[in-house]
Amino acid sequence: MQLQYTMTRRDLRDQFAALGRTRGSLGARYVATNRLMMALVFAAALGVSGWRTVQRAGGLNAVAAATLAVLTLLLAVFLAAYWALAPRLFASVQLLALRAALDSLTAAPYTLQLADGQLHYQGPSLNAGRGALDCAVTGLRAVRRDKAGLVVIFADGSGALVPNRAFSGAQELHSWLQALQPQQGPVGPSGAAQPAPADGFVPDGADGGVLACTLDAETTRRLLWELNAALLKTPVYWRRLWWAPLLLAAGGALLVAQGVWWLLPVLAVIVVWAVRRNARSTAARLAGHSVIRFGPDAMQVETGAGGRFEVPYRGLTGPYRTAHGIFLYDPAANVARVFPRAALTPESEAALWALLCRKTGREV
């Protein structure tokens, strides 16, 4: 069984929204975090409004109680609306972050192929590259029919939407759903185990080489925090997110003007909690063994979860060095590739640094 199709920008929006609605996907995890964060924010807002109402009324009298009831109802309606719209809002944020990479994601066809119990997915990846992922159907996290098409969640939490128009009719979509769902089982790696290259970087003598590294979730979280801290110091990062500090400043000024400046640290704690929770989800997906082969024009990355994708050097910035890692950043797609320094010797780290400088056009 095989399908080949293209994705429009609307299809990509529908895909992110569908992933946000599908349990087992990273998108659903992010949506759940955002819902909880907004519930905490609304609870804090209700507490502040209630306190000010009672204070102005001189105590909890009938007028104050009626006002509190109205405020509670209004905030409940707002929270319910956000709860329902959260997957679509998640999709809008993702499209905004990927706006510079949308052309590459809609320019070439995608392929979904099922043979001998193995599902093969291939299509355009970020930064004008190509990506592929192989997963046994017994390792799929979820398969379901969404209003926009067929949703497949792979073992690593990533997922894909096959739009309705990719199928010749409802019967073909049902056949795919039937072929995948009955065979679902525990999540885990599939296929015969291949010997993994030892961790380290080995130059090939021809302006390339192979880097192998193994990361656990805790190390990955530390690298992600270092990466984000380093990016906050780069102009290229803020050229994408120039609106974020303005929005934060406007929100802070509004709270100060309302006389509830002390709510700022409460909101900061909520936001930090949400960021840490999302970072744990991302780290869990990135953890494991990976092999990066540096070719003439692109990196070929293979992950232990069966993923393979290509990352062209064009458009990458860096390299950047942190206490525990080296990384490259793609501002167009807002993604980074991290290379842990623990897997390197001083000599191989110097060789890798020089190679990355040459590939990105930076002076060594």
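Structure first, text after, so check above.
J.: Got a minute to help me understand the overall build of the protein in this structure?
T.: Along the protein, the regular secondary structure elements total 10 helices and 15 strands. For the protein, the residues scored as buried account for 44% of the 364 residues in total. Nonlocal contacts in the protein, meaning residues at least 24 apart in sequence, comprise 61% of its contacts between residues at least 6 apart. On the protein, roughly 18,600 Å² of surface is accessible, and the fraction owed to carbon and sulfur atoms is 62%. Taken as two groups, the 35 positive and 21 negative side-chain charges of the protein have centres that lie 13 Å from each other.

J.: Teacher, can you tell me more about unusual backbone geometry here?
T.: As a rule of thumb, non-glycine residues mostly have phi less than zero, and peptide bonds are mostly trans rather than cis. Look at the link from Gly-318 to Pro-319: it is a cis peptide, with omega at 5 degrees. The residue Pro-319 is located in strand S13 (residues 317-321) in this model. Within the chain, Asp-116 stands out as a residue other than glycine whose phi angle is a positive 55 degrees. Positive phi is not limited to glycine here, since Asp-207 has a value of about 60 degrees. Tracing the backbone shows Asp-207 in the loop between strand S8 (200-203) and strand S9 (209-215).

J.: What exactly am I supposed to notice about the environment of Pro-87 here?
T.: Structurally, Pro-87 can be placed in helix H3 (residues 62-97). A relative accessible area of 4% means that Pro-87 is categorised as buried. The residues contacting Pro-87, other than those within four sequence positions of it, are Ala-17, Gly-20, Arg-21, Val-31 and Arg-35.

J.: Is there a simple way to explain the sheet that holds strand S5 (residues 142-146) in this structure?
T.: The pairing of strands in a sheet comes from backbone hydrogen bonds and takes either a parallel or an antiparallel form. Strand order in the open sheet formed by 3 strands is S5-S6-S7, and the pairing between neighbours is antiparallel. Pairing within the sheet leaves two strands with one partner each, and these edge strands are S5 and strand S7 (159-163). This sheet shows a mean twist of 15 degrees between the axes of neighbouring strands, independent of strand direction. Across 5 bridges, the pairing between S5 and strand S6 (residues 149-153) is antiparallel. Note on S6: the bridge partner recorded for Asp-146 is Gly-149. Helix-sheet contacts for helix H1 (residues 9-21) involve S5, S6 and S7, and the interaxial angle to S7 is about 130 degrees.

J.: Help me understand a nonpolar patch on the surface, please; the structure alone is not making it clear to me.
T.: On the surface, Trp-51, Val-256, Trp-261, Trp-262 and Leu-264 cluster together into a nonpolar patch covering about 540 Å² of accessible area. Here Trp-262 is to be found in the loop between helix H8 (243-257) and helix H9 (263-286).

Basis of the calculations
- Residues numbered from 1 in each chain as written.
- Predicted model: local features only at pLDDT ≥ 70, side-chain atom pairs only at ≥ 80, totals over all residues.
- Heavy atoms only, no water.
- Helix = DSSP H or I, 4+ residues; strand = E, 2+ residues; numbered from the N terminus.
- Buried < 20%, exposed > 50% of the residue type's maximum accessible area, 1.4 Å probe, protein only.
- Contact = heavy atoms within 4.5 Å.
- Areas by Shrake-Rupley, 256 points an atom, 1.4 Å probe, with all protein chains shown as cover.
- Lys, Arg positive; Asp, Glu negative; His and termini not counted.
- Charge placed at Lys NZ, Arg CZ, Asp CG, Glu CD.
- Pairing = 2+ DSSP bridges.
- Axes fitted to C-alpha atoms, helices over the stretch in contact; angles between N-to-C directions.
- Patch = residues over 30% accessible without salt bridge, like charges linked within 9 Å, V, L, I, M, F, W, Y side chains within 5 Å.
- Salt bridge = Lys/Arg side-chain N within 4 Å of Asp/Glu carboxyl O.

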